[in-house]
Amino acid sequence: MKEMQTLTVSPRTGIGKGANRKLRAKDLVPGVYYDAAGVNIPVMVEHLPLEKLYSKTSSAHVFHLEIEGETGKETKPALVWKLQYHPTKARFTHVDFYGVDLEKPIRVHIPVEVVGKSKGQVKGGALELHRESIEVSSLPLSIPDKVVIDITELDVNESVQVADLTLPEGVTAVYDDNYAILGIIMPEVEAAAPSA
C-alpha cells in the first residue's frame, strides 16, 4: 500500500464572490469539503500545496485532508472531486473535496499507458488511441496509478477492448458496452500524383 499524501485546509467563514476574491488575492483557493453523509464544510487552502497534491493524485487517488478547526485537526480520507481553473492564468479558482469511506468501492478515471511496438506498426500500421483513460471501480486505497497496455503482439486491424484488460485484484472496469481502447490501423495510401 502506497503512502497517502496529506493536504491541510482551514475552515472559511466568508462566503460569496467578494470574500473569495480576497482569498485568491492572498494566494488561497476557496473550496468545499463534502462527505458521504451530505455534510459540507467551506474551506480554504494555499494554492501551491494544492497544486503539488493534485499533480500527484489528480482526481483518482485518495489522500488525507486535514481540516484545522477550533478543537484541533480532523483528518478525513478524501478525493479532489472538482477543480475550477482561471480562464487565462495557470491557477485554480475553486476546489471541491469529496470524503470517501475506505471500506466502500468508488468509481474513478485512471489514465491508459501504451508500451511496446506492435507487429502491425512494424508492417507500417499506425496506433490509434481511442481512450486516454478508463473508469474503474475499486476500494479507495487499491486504485492503480494507471492501466498499462502492452501492444507488442497486436497486428494490423486488431484492437484492445476494455473487456480484454488485465486489472489488479479488486479493480474492475466500469462500462455498459465493450469498447475499443486502441487499435492498429493501416493508413490509407494516397494515390500518387500523375507525372507531368
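Residues numbered from 1 in each chain as written. Predicted model: local features only at pLDDT ≥ 70, side-chain atom pairs only at ≥ 80, totals over all residues. Heavy atoms only, no water.

**Student:** Mind showing me how you'd approach the overall build of the chain here?
**Tutor:** When you go through the chain residue by residue, the secondary structure sums to three helices and 13 strands. Against the compact-globule benchmark of 16 Å for 196 residues, the chain has a radius of gyration of 22 Å, which places it well outside the compact range. Overall size of the chain, expressed as C-alpha extent along the three principal axes, is 80 × 50 × 30 Å. By residue count, 35% of the 196 residues in the chain fall in the buried class. Within the chain, contacts between residues separated by at least 24 positions form 65% of all contacts whose residues are at least 6 apart in sequence. Total accessible area computed for the chain in this model is approximately 12,200 Å², and 50% of it derives from carbon and sulfur atoms. (Helix = DSSP H or I, 4+ residues; strand = E, 2+ residues; numbered from the N terminus. Rg over C-alpha atoms; globule rule 2.2 N^0.38 Å. Buried < 20%, exposed > 50% of the residue type's maximum accessible area, 1.4 Å probe, protein only. Contact = heavy atoms within 4.5 Å. Areas by Shrake-Rupley, 256 points an atom, 1.4 Å probe, with all protein chains shown as cover.)

**Student:** Sorry if this is basic, but what is going on with the sheet that holds strand β7 (residues 106-115) here?
**Tutor:** Two modes of strand pairing occur in sheets, parallel and antiparallel, and in both the strands are linked by backbone hydrogen bonds. Strand order in this open sheet of four strands is β10-β7-β9-β12, and the pairing throughout is mixed. The open sheet has two free edges, formed respectively by β10 (147-150) and β12 (172-173), since each of these has just one partner strand. (Pairing = 2+ DSSP bridges.)

**Student:** Honestly, the pairing of β7 in this entry has me stumped. Any pointers?
**Tutor:** On a regular strand, one side chain projects to one face of the sheet and the next to the other, so that they alternate. As defined by bridge partners, β7 adjoins strand β9 (residues 133-138) across six bridges and the pair is classed as antiparallel. Across the sheet, the residue bridging to V108 is V136, located in β9. Where β7 lies against β10, four bridges are found, and the strand directions are parallel. Residue pairing for β10: V114 is matched across the bridge by I149.

**Student:** Is there a simple way to explain the sheet that holds strand β8 (residues 126-129) in this structure?
**Tutor:** Strand order across the open sheet formed by three strands is β8-β13-β11, with antiparallel pairing between neighbours. What marks the edges here is a single partner per strand, and that holds for β8 and β11 (159-161). Averaged over all pairs of adjacent strands, the angle between their axes in this sheet comes to 15°, without regard to strand direction. (Axes fitted to C-alpha atoms, helices over the stretch in contact; angles between N-to-C directions.)

**Student:** Hey, could you run me through the side chain of S137 in this one?
**Tutor:** Summarising the element assignment, S137 is placed in strand β9. When sequence neighbours within four positions are dropped, the list of residues in contact with S137 reads P105, I106, R107, G170, V171, T172 and V174.

**Student:** Would you mind showing me how to read the environment of G124 here?
**Tutor:** Note on placement: G124 falls in the loop between α3 (119-122) and β8. Each residue touching G124, except ones within four places of it in the same chain, is listed here: M186 and P187.

**Student:** Explain the nonpolar core to me, please; I cannot follow it from the model alone.
**Tutor:** Side chains of a nonpolar character, in soluble globular proteins, are inclined to be buried together. V108, I110, I134, I149, L165 and I181 are the most contacted members of the largest nonpolar core, which totals 25 residues. Those elements that place two or more of their residues in this core are β7, β9, β10 and β13 (180-185). It is β7 that provides the largest number of residues to this core, a total of four residues. (Core = buried A, V, L, I, M, F, W, Y, C linked by side-chain atoms within 4.5 Å.)

**Student:** I would appreciate a short explanation of the side chain of R12 in the present structure.
**Tutor:** Relative to the helices and strands, R12 resides in the loop between β1 (6-11) and α1 (17-25). Buried charge R12 goes without a salt bridge, the closest partner of opposite sign being D96 at 6.9 Å. At a separation of 2.8 Å, a polar atom in the side chain of R12 contacts the main-chain carbonyl oxygen of V43. Not counting residues within four places of it along the chain, the set of residues in contact with R12 comprises N20, L23, P30, G31, V32, P42, V43, M44 and H94. (Lys, Arg positive; Asp, Glu negative; His and termini not counted. Salt bridge = Lys/Arg side-chain N within 4 Å of Asp/Glu carboxyl O. Polar contact = N/O pair within 3.5 Å; in protein donor to acceptor, adjacent residues only side chain to side chain.)

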